[in-house]
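Here is what each chain is made of, one letter per residue.
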Amino acid sequence: MNTTLARLDKGKTAVIKEMNLDNNIKRRLMALGLLPSSFLKVLRIAPFKGAILIDVGGCPLAISHDLAEKILVEELE
Amino acid sequence: MKEVRIGLIGIPNSGKSTIFNKLTETYQIVGNWPGKTVETVERAVKFNDKHFILIDFPGTQTLTPTSMEEEIAREYMIENKPNVIIQVASAIDLERSIYLSLELMELGIPIIIALNQFDEAIKQGFEINVEKLSKVLGVPVIPTVAMKGEGIDKLVEKALDLAHSKPKGNIITYEDIMPQINNIMSIIKEFLPDRYPLEWFALKLLEEDPWVTRKITELDTEKRLGDILEKEKDYVKKSTNMHPSLLLVNNRRSVAEKITNEVRKIKPVSKSKFIETLDLLSISSFGYLLLIVVMTTVFVLTFGVGLLFRDTIQLIFFALSSQFVFVITDPLLNAILSGVQLSLLVGLSFIIPVVFLFHFFFSLLDDSGYLPRAAFLIDKAMRKIGLNGKAFIPLLLGYGCSVPACVTCRILEGDKPRFVTALMITLIPCASRMIIIYGLIAIYIGIITALAIYLFNLFVVLLIGMVVGRSVNLNCESTGLIMVLPPYRVPLIKNALRKTWARAKDFVYIAIPIIIAGTVFLKILEILGIMEHLNLLFDPLFLGLFGLPGYVLSFLLFGAIRKEFALVFLVTTLNGNPLFYLSPNQIIIFTLITLFYIPCVATTVTLIKELRLRKTLIIIGINLLTAIIVGSVAHIIFLFS
């Protein structure tokens, strides 16, 4: 199912489809291991729709909610 | 023979600063949050009877800089090429470390990898085949545990061996775009000096790296490159359907991922229940409560234990000084002696305990890995101002000292977030201002009022941050949080003590001597009757605005040198007890003004260095304005209550 990273629930895994962010941020995220076709797992979501903690490549990465809204993912069962 | 220059580089939180400390006598602050080494340091080192120069680079994820600290580091590395690079790789963050290795190899400098946090990786169930990693990358890899000093000897030995050899390493070939790279290389080769890595420059041109593009435009005086670069970039875009910069990152990333999977096995391990529960609690809704509890505890402990120390120290001081009773008739000599005595008393009993206690508790917190979690939690609130959670770290450091906090703003991406965060830092009560709050409010009015002052200050800081953030139009996606979360670690007392000393020693060496000199100076002014003139001159202004006597201006002037001087000279001039001269309300107003009125000299110098003069002047202006508004509003409120 296609959705955004921001809409994933805690504990869900997904694969990244597309990142609608400007090149600078995209490059930064990619260097950290977040790029189309990489897998991620949502570890924790800060209260009040806050930042999202994901596991990517075995390491925890925190991302602001508004950035996560622009990352399209496919949720895996 | 010239000494070998070794560059030390690594991704944030790889334990690079710990290795740096093992190699040098001097102590650099190590903490458990991303981005500690914010300035490049070059240092002559003697280690195991070997002499070399060690260059410490700030932690960086990639050689494509996104924050100012990364940009500074990279430019330094290209322009002042080390003979060999020690890359501190994190065994628990292998993929990102390998990514950086791949980029570093492109620079054409011999590199050796310290695979650090090896013990922690084993604990987390990561089994890494070191030999294979070394073979795949084509560079030596030494497993290390920096905290315990394991593997460091071998690392240095190997690095020195490598220094004069040719750079090795299996550099990535970007097959899809090789003709384009070669074409650009053949052109820039004609004007690019030999000391610069040719292929790397070609790649960075394709990536549209601002610094490299600028450099090439400068060097390409005959405009040989012309529009060829644009044509090649367009070609790449069309043929691969991807921007060249993203294509290159993608390439490196997939190689890093592939290597990681080849050399690393993951075994399931049961994590420590305690750590896991703590982690769970610290970033759930309960975490906000925890944050308040943690911060309040730090302040209450500092003030509470500080008061205990103060009483003891004062008792000892009086017992000692009663042994030396002089009868002095000369007023000038008397003034000098009593000035020295008073300032020593204030220095020892007010300043030393509070500063040391605060830095000790804060260091424990710093080492534990709690701060990035607080940053994660607070991200949403910071986004409202237009900043992100990471800005929380320099802001929190601001409670210690504004100077390193302002330098730490470099970990933020973008000029505007840096400006707004630096502004907020100058308004946050640092340890010096904590001494004022402690010495005036906690002692003479009460701990609760002292905490209330902190809360009020926080409110003002957030309000100003929000107003200024809005007016410079901060809120955009480029300021969003992207941060790797380090693991929790049990803080070591020894480490915290070292760090406390490193952070607080200035108060002993610099502040106390100036305090003694300043107090004597003020005492002499008093005897000569100059203070009275000053009072008469400024009384109308200060009484009208803040309900304060004009002589407080002299304390504020001294406070601009170091904030705690405002308190010290107030107390020493008023012969020990301000309550004989000022009402509690006046004390509160005075304290509020000192919180906001101006960045101290050291902070101002730092701000000019970091943000340039114009922005520094704006910050000073906002500081003054805030102090005047807060002070006069408080005065009006007290008048009518």
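Residues numbered from 1 in each chain as written. Chains lettered and ligands numbered in written order. Predicted model: local features only at pLDDT ≥ 70, side-chain atom pairs only at ≥ 80, totals over all residues. Heavy atoms only, no water.

Peer 1: Got a minute to help me understand the pattern of salt bridges in this structure?
Peer 2: Between side chains of opposite charge, a pair can form as their charged atoms come close. Per the counting criterion, the structure on display carries 29 salt bridges over all chains. Of the charged contacts in the structure, one is a salt bridge between Asp66(A) and Arg383(B), with a shortest N-O distance of 2.2 Å. In this pair, Asp66(A) sits in helix H2 (residues 65-68) while Arg383(B) sits in helix H15 (residues 370-385), so the two residues belong to two different chains. By relative accessible area, Asp66(A) is classed as partly exposed at 22%. We note a salt bridge from Lys258(B) to Glu262(B), for which the minimum N-O separation is 3.9 Å. Highlighted residues: Lys258(B) and Glu262(B), both in helix H11 (residues 244-263), separated by 4 residues, approximately one helical turn. For Glu262(B), a relative accessible area of 35% translates into the label partly exposed. Linked through salt bridges whose partners overlap, the residues forming this network are Glu103(B), Glu106(B), Lys204(B), Glu207(B) and Arg252(B). (Salt bridge = Lys/Arg side-chain N within 4 Å of Asp/Glu carboxyl O. Helix = DSSP H or I, 4+ residues; strand = E, 2+ residues; numbered from the N terminus. Buried < 20%, exposed > 50% of the residue type's maximum accessible area, 1.4 Å probe, protein only.)

Peer 1: Which parts of the structure should I look at to understand the nonpolar core?
Peer 2: By size, the foremost hydrophobic cluster in this structure holds 116 residues, and its most contacted members are Ile351(B), Ile437(B), Leu440(B), Ile441(B), Phe590(B) and Ile593(B). Not counting the four nearest positions on each side in its chain, Ile593(B) is found in contact with Phe546(B), Leu548(B), Leu556(B), Ala627(B) and Gly631(B). The next biggest cluster of nonpolar side chains, apart from the first, holds 92 residues, and it includes Val56(A), Ala73(B), Ile188(B) and Val484(B). (Core = buried A, V, L, I, M, F, W, Y, C linked by side-chain atoms within 4.5 Å. Contact = heavy atoms within 4.5 Å.)

Peer 1: Can you help me understand the interface of chain B and chain A in this one?
Peer 2: Note on interface size: it is often stated as the accessible area lost on association of the parts. The interface of chain B with chain A comprises 41 residues on the first partner and 38 residues on the second. Summing both sides of the interface, chain B and chain A together bury roughly 3300 Å²; the carbon and sulfur share of this comes to 59%. At the boundary of chain B with chain A, the tally comes to 1 salt bridge. At the surface where chain B touches chain A, the tally comes to 9 residue pairs in polar contact (both at pLDDT 80 or more). Among the residues making up the side of chain B that touches chain A, the classes are represented as 15 nonpolar, 12 polar and 14 charged. Two elements, strand S5 (residues 59-63) of chain A and strand S9 (residues 482-484) of chain B, share 3 bridges in a ladder whose sense is antiparallel. Note on S9(B): the bridge partner recorded for Leu61(A) is Val484(B). (Buried area = accessible area lost by both parts, 1.4 Å probe. Polar contact = N/O pair within 3.5 Å; in protein donor to acceptor, adjacent residues only side chain to side chain. Nonpolar A, V, L, I, M, F, W, Y, C, P; charged D, E, K, R; others polar. Pairing = 2+ DSSP bridges.)

Peer 1: How should I be thinking about the packing of aromatic side chains in this particular structure?
Peer 2: Describing an aromatic ring pair means giving the distance of the ring centres and the angle of the ring planes. All names here are of chain B. Tallied over the full model, the rule gives 20 aromatic pairs over all chains. Ring geometry for tyrosine 196 and phenylalanine 201: centres 5.1 Å apart, planes at 50 degrees, overall tilted. The interplanar angle of 45 degrees and the centroid separation of 6.3 Å between the aromatic rings of phenylalanine 303 and tyrosine 454 together place this pair among those described as tilted. Remark: tyrosine 454 occurs in helix H20 (residues 447-471) and phenylalanine 303 occurs in helix H13 (residues 286-321); sequence separation between them is 151 residues. Each residue in the set Phe299, Phe303, Phe358, Phe362, Tyr399, Tyr438 and Tyr454 is aromatic and connected to the rest through ring pairs, giving one cluster. Taking NZ or CZ as reference, arginine 264 lies 4.7 Å from the ring centre of phenylalanine 126, over its face. The lysine or arginine in question, arginine 373, covers the ring of tyrosine 488, its NZ or CZ lying 4.1 Å from the ring centre. (Phe/Tyr/Trp six-rings, centres within 6.5 Å; stacked < 30°, edge-to-face > 60°. Lys NZ or Arg CZ within 6 Å of the ring centre and 35° of its normal.)

Peer 1: How do you make sense of the sheet that holds strand S1 (residues 2-4) of chain A when you look at a structure like this?
Peer 2: Each strand in a sheet pairs with another by means of backbone hydrogen bonds, the pair being arranged parallel or else antiparallel. Overall, antiparallel pairing links the 7 strands, which are arranged S1(A)-S6(A)-S2(A)-S3(A)-S4(A)-S5(A)-S9(B) in an open sheet. What marks the edges here is a single partner per strand, and that holds for S1 of chain A together with S9 of chain B. Ignoring strand direction, the axes of neighbouring strands in this sheet form an average angle of 40 degrees. Where strand S3 (residues 39-45) of chain A lies against strand S4 (residues 52-56) of chain A, 4 bridges are found, and the strand directions are antiparallel. When the bridges of S4(A) are listed, Lys41(A) appears paired with Asp55(A). (Axes fitted to C-alpha atoms, helices over the stretch in contact; angles between N-to-C directions.)

Peer 1: Whenever I open this one, the packing of helix H7 (residues 178-188) of chain B against helix H8 (residues 198-206) of chain B confuses me. Can you help?
Peer 2: The packing of two helices is summarised by the inter-axis angle and the distance between the axes. All names here are of chain B. At a closest axis distance of 9 Å, the pairing of H7 and H8 adopts a crossing angle of 115 degrees. By crossing handedness, the relation of H7 to H8 is classed as right-handed. Together, Met178, Ile181, Ile184, Met185 and Ile188 of H7 and Leu198, Glu199, Phe201, Ala202, Leu203, Leu205 and Leu206 of H8 make up the contact between the two elements. Class assignment of the residues belonging to the contact of H7 with H8 gives a composition of 11 nonpolar, no polar and 1 charged. (Left-handed = near helix turned anticlockwise from the far one by under 90°.)

Peer 1: What am I meant to see in the environment of Ser245(B) here?
Peer 2: Tracing the backbone through its elements, the reader meets Ser245(B) in helix H11. The class of Ser245(B) is buried, set by a relative accessible area of 0%. In this structure, the C-alpha to C-alpha distance between Ser245(B) and Leu377(B), residues 132 residues apart in sequence, is 32 Å. Excluding its chain neighbours within four sequence positions, the residues that come into contact with Ser245(B) are Arg27(A), Leu206(B) and Glu207(B).

Peer 1: I tried to follow the domain arrangement of chain B on my own but got confused; where do I start?
Peer 2: Partitioning chain B into structural domains gives domain 1 (5-162), domain 2 (175-266) and domain 3 (286-479 + 497-639). Placing a centre on the C-alpha atoms of domain 2 of chain B and another on those of domain 3 of chain B gives a separation of 50 Å. (Domains from an automatic or database assignment.)

Peer 1: Sorry, what's going on with the environment of Ile447(B) here?
Peer 2: Residue and element names in this part refer to chain B. Position of isoleucine 447 relative to the elements: it lies in helix H20. Given a relative accessible area of 27%, isoleucine 447 falls into the partly exposed group. Leaving out residues up to four positions away in the same chain, isoleucine 447 has contacts with Phe303, Leu307 and Ala442.

Peer 1: Looking at this structure, I do not really get a nonpolar patch on the surface. What am I missing?
Peer 2: All names here are of chain B. Together, Leu281, Phe286, Leu289 and Val293 give the surface a local cluster of nonpolar side chains, amounting to about 340 Å² of exposed area. Here the nonpolar patch gets 3 residues from one element, more than from any other, and that element is H13. Turning to its location among the elements, valine 293 is positioned in helix H13. (Patch = residues over 30% accessible without salt bridge, like charges linked within 9 Å, V, L, I, M, F, W, Y side chains within 5 Å. Areas by Shrake-Rupley, 256 points an atom, 1.4 Å probe, with all protein chains shown as cover.)

Peer 1: Can you walk me through the packing of H20(B) against helix H25 (residues 584-596) of chain B in this structure?
Peer 2: Residue and element names in this part refer to chain B. It is the contact of H20 with H25, at a shortest axis distance of 11 Å, that shows an interaxial angle of 40 degrees. The orientation of H20 relative to H25 falls into the category oblique. In the packing of H20 onto H25, the handedness of the crossing is right-handed. Residue-level inspection shows Thr449, Ile453, Phe456, Asn457 and Val460 of H20 in contact with H25, the latter providing Ile588, Thr591, Leu592, Leu595 and Phe596. Here the contact of H20 with H25 is composed, by residue class, of 7 nonpolar, 3 polar and no charged. (Parallel < 35°, antiparallel > 145°, perpendicular 65-115°, else oblique.)

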